[in-house]
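What follows is each chain in one-letter form.
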Amino acid sequence: MSRKLDSTRPFAEIFGGDDAGVFEQFGIMFDPAGVELPGYDHIEIPADDAPVQVIVDNPELRGEINRLTSNIANLKELLALKDEQFEIESGRADDLAVEVERLKARLEEALNPAPLLPVAPVLKDCKDGKDVSSRKEKQLSASDLLGEAN
C-alpha cells in the first residue's frame, strides 16, 4: 500500500525537471496527488515526536534554532503540567456540581415538605383517661410515619 504525504509535517515541493510538481518528505518522493512514488518503500518515516535534524552552517542561526528548540521543550513541559492541573480541577468541579445538586434537593425538600397524612382520632388520653374524642386529629408527615426526623 502506498504511503501518502503528511501535510502536517515538513515537506518540500520540487520544481523543474521531469518531476515538476512532486513532493519530498523524509527522503521519499510523492506525486502531485501526494501518493508515494515507487522505489521508496525501504525508507522508514520517523515517528511524530522524533526531532527534525537541521544542518545549518551559520552559528547564529544554529544558536537561534537551539534556543527555540529549548523553549518549545519547556512549553511542552508546562503544557503537560497545566493539563494535569486541569484534570484535577475538573474532578473538583464535578464533585462540587454533585454537592450543589444534593443541596438543591435538600432545599427543595425543606421548602416543599412531604404532605401531611391524617391519622385516626384519638379517643382517650392514656395518661389521665379523659375523653378526647372531640375529633381532634394529629397530622403526621410521611417522614414522621417512617421514623425520620427533619
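For clarity, every value in this text was computed on a predicted model and none was experimentally measured. (Residues numbered from 1 in each chain as written. Predicted model: local features only at pLDDT ≥ 70, side-chain atom pairs only at ≥ 80, totals over all residues. Heavy atoms only, no water.)

Caption draft 1: Structural detail: the overall build of the chain. If you tally the helices and strands in the chain, you get two helices and five strands. Sequence-ordered secondary structure for the chain, helices as α and strands as β, is β-β-β-α-β-β-α. Every one of the 150 residues in the chain was classed for burial, and the buried ones make up 9%. Counting only contacts in the chain whose residues sit at least 6 apart along the sequence, the fraction spanning at least 24 positions is 31%. (Helix = DSSP H or I, 4+ residues; strand = E, 2+ residues; numbered from the N terminus. Buried < 20%, exposed > 50% of the residue type's maximum accessible area, 1.4 Å probe, protein only. Contact = heavy atoms within 4.5 Å.)

Caption draft 2: Local environment of the pairing of strand 2 (residues 22-25). Note that strand 1 (residues 12-14) and strand 2 share three bridges and pair antiparallel. Residue pairing for strand 2: Glu13 is matched across the bridge by Phe23. Bridge count between strand 2 and strand 3 (residues 28-30): three bridges; the pairing is antiparallel. Bridge assignment links Glu24 to a residue of strand 3, and that residue is Met29. Here strand 2 folds back onto strand 3, and the loop between the two strands holds two residues, one of which, Phe26, carries a positive phi near 55°. (Pairing = 2+ DSSP bridges.)

Caption draft 3: Representation of the sheet that holds strand 1. Spatial ordering of the open sheet is given by 1-2-3, a layout of three strands whose pairing is antiparallel. Looking along the sheet, the strands with just one partner apiece sit at the ends: strand 1 and strand 3. In this sheet, adjacent strand axes meet at a mean angle of 30° when their direction is disregarded. (Axes fitted to C-alpha atoms, helices over the stretch in contact; angles between N-to-C directions.)

Everything listed here is a matter of coordinates, which is why it stays silent on function.
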